[in-house]
Each structure stands twice: as C-alpha cells, then as structure tokens.
Amino acid sequence: YLAILAPIALIVLLIDRLAKGRKTYAVIIACLSVPLAYGAYARMEEWRSSEALYASAIRLSPHEAVLHYNLGVEYSVQSPWDEAIGSYRNAIEADPAHSSAMSNLAVLLSARGETEEARTLLEKAIALNPKNANAFNNRGSILLDAGQVDAAIADFQKAIALDDANIKAHRNLGAAYGKKGMYRERLLQFKRALELDTDADPEEIRKIERALQEGE
C-alpha cells in the first residue's frame, strides 16, 4: 500500500498538468475511476474464500510451495481430500524438502488406507526436519493403528518433547497408555490435553482429577 503512493502522486501531477478546469478534472477522474472500479469488482471474486485466493495466487506463481501447501490446508479443513492431496503433492514437487506438506499428506493417505506411502513420507519428513513434532505424532498414529504400541508411545513422547502444547500428541499418548493398561498415565495425558484446549469443559478436567485421586 505504501509503494502505490508514488505512482498515485505522479498521476495526480499529470492530471493537474492536463486539466484546465474543474470539468476537465471531473472527466479525467471519471475515465480513471470506471476501469479501476471494474478491476476492483473483478478482483473481489478472487477474495470470496481462502481457496479462491490461493488458487489465484498459484496461477501467478505456480512454483511457490507455500501457496500449494496453504491451499492444501484449506482443502483439508473443508474435507475435499482429493484436492488437498493434490495440493500437498504440488507443494512437495515445488519444494522436495517441505516436511510439513509430507506430514499432512501422510495423514490423508493413511486415512485412505495407503499406509505404506504415508509411513515413507513421514520417515522422510522426520529425516528432513527432526524437530517436526506433527510428523512424529502422525507416525505414532500409524504405528498405534498397526499395533506397535511401544514404538507409537516413543513417537508421541518425542512429539510432546518438541511441542508440549500439541494437544493431539497428548491425546494419542493417552490412548496408547490405555492400550498398555497404564491408566493413571492415560488420565494424566488426557488431563493435559484438556488443559491445553481452550474450548474444553472445566468439568471434564475435574472428573479426571477426581479419578486420579480415587486411584491413589
């Protein structure tokens, strides 16, 4: 917005040079306003949603990985998974080291039963970025579904060590502890997840606290 002040100033100076009266001013301004107003109206279509905005940006910069990744996130929220998968693949093609795109793509592929590719993607994502807490959490989920509980617990613990505010990792670790019969540890993880969740019902936390006290 600041950068456009200079060309606006030049246009105003040009109008001042050309105009010889108020009527001329009005005609010039009208001639400029009509195409600018039409252009603004046409651009509004691109701002109707985040998906439309990212799609428009991608048409201008098709090799920007971050745009494809952000579009994939939007599609994931709205649940058109085929489009989300395509966007994440495009992000990885544009940036083969985009570990977050790999991690998110793996979640969708795993949900569709394509666990082998999902696991391969997560292994690569972790190798590229060993501090990617979501990648550890996502790999742990696949391991837990496969019955590899101990390995899953290790991944969830690593995710929490990297990001203690990762609600999903705390919930998943709690579920994994439950499968091991470690019920106190399970409750502690669920309690921590509820404490981190701003939308959580405080009564749920109190229930867990009472359960912990009763189990002592």
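See above for the structure.
All of these numbers come straight from a predicted model, not from anything done at the bench.

A.B. asks: So, the packing of helix α4 (residues 65-78) against helix α5 (residues 81-94): which residues are in play, and what are the values?
C.D. replies: Packed helices, taken two at a time, are described by the angle between their axes plus the distance between the axes. Contact geometry of α4 with α5 gives a least axis separation of 8 Å together with a crossing angle of 160°. Taken together, the axes of α4 and α5 lie roughly antiparallel to each other. Handedness of the crossing formed by α4 with α5: left-handed. Contacts between α4 and α5 pair A65, H68, Y69, L71, G72, V73, Y75 and S76 from the former with W81, E83, A84, S87, Y88, N90, A91 and A94 from the latter. Taken together, the residues of the contact of α4 with α5 sort by class into 10 nonpolar, five polar and one charged.

A.B. asks: Before we move on, could you go through the packing of α5 against helix α6 (residues 99-111) and cite the residues and values that matter?
C.D. replies: Running from N to C, α5 and α6 point in directions that differ by 145°, and their axes come no closer than 9 Å. Our pair here, α5 against α6, has a crossing hand that is left-handed. From α5, W81, A84, I85, Y88, R89, A91 and I92 reach across to α6, where they touch A101, M102, N104, L105, L108, L109 and A111. For the contact of α5 with α6, the per-class residue count stands at 12 nonpolar, one polar and one charged.

A.B. asks: Give me the packing of aromatic side chains: which residues, what numbers.
C.D. replies: For the structure on display, the rule yields one aromatic pair. When the ring of Y69 is compared with that of Y88, the centres are 5.8 Å apart and the planes differ by 50°; the resulting orientation is tilted. Of this pair, Y69 sits in helix α4 while Y88 sits in helix α5, placing them 19 residues apart in sequence. Like Y69, the residue Y88 is buried in the burial classification.

A.B. asks: Please give an account of α5 that cites residues and values.
C.D. replies: In this model α5 runs 20 Å from its N-terminal to its C-terminal C-alpha over 14 residues, within 8% of the 20 Å that 1.5 Å per residue would give. Restricting attention to buried positions, one finds in α5 the residues A84, I85, S87, Y88, A91 and I92. Projected onto a plane normal to the axis of α5, the buried residues spread over an arc of 165° and lie on a single side. α5 presents D82 and E93 as exposed residues on the side facing more than 90 degrees away from its buried surface.

Definitions and cut-offs
- Residues numbered from 1 in each chain as written.
- Predicted model: local features only at pLDDT ≥ 70, side-chain atom pairs only at ≥ 80, totals over all residues.
- Heavy atoms only, no water.
- Axes fitted to C-alpha atoms, helices over the stretch in contact; angles between N-to-C directions.
- Helix = DSSP H or I, 4+ residues; strand = E, 2+ residues; numbered from the N terminus.
- Parallel < 35°, antiparallel > 145°, perpendicular 65-115°, else oblique.
- Left-handed = near helix turned anticlockwise from the far one by under 90°.
- Contact = heavy atoms within 4.5 Å.
- Nonpolar A, V, L, I, M, F, W, Y, C, P; charged D, E, K, R; others polar.
- Phe/Tyr/Trp six-rings, centres within 6.5 Å; stacked < 30°, edge-to-face > 60°.
- Buried < 20%, exposed > 50% of the residue type's maximum accessible area, 1.4 Å probe, protein only.
- Expected span 1.5 Å × (residues − 1).
- Arc of directions from axis to C-beta.

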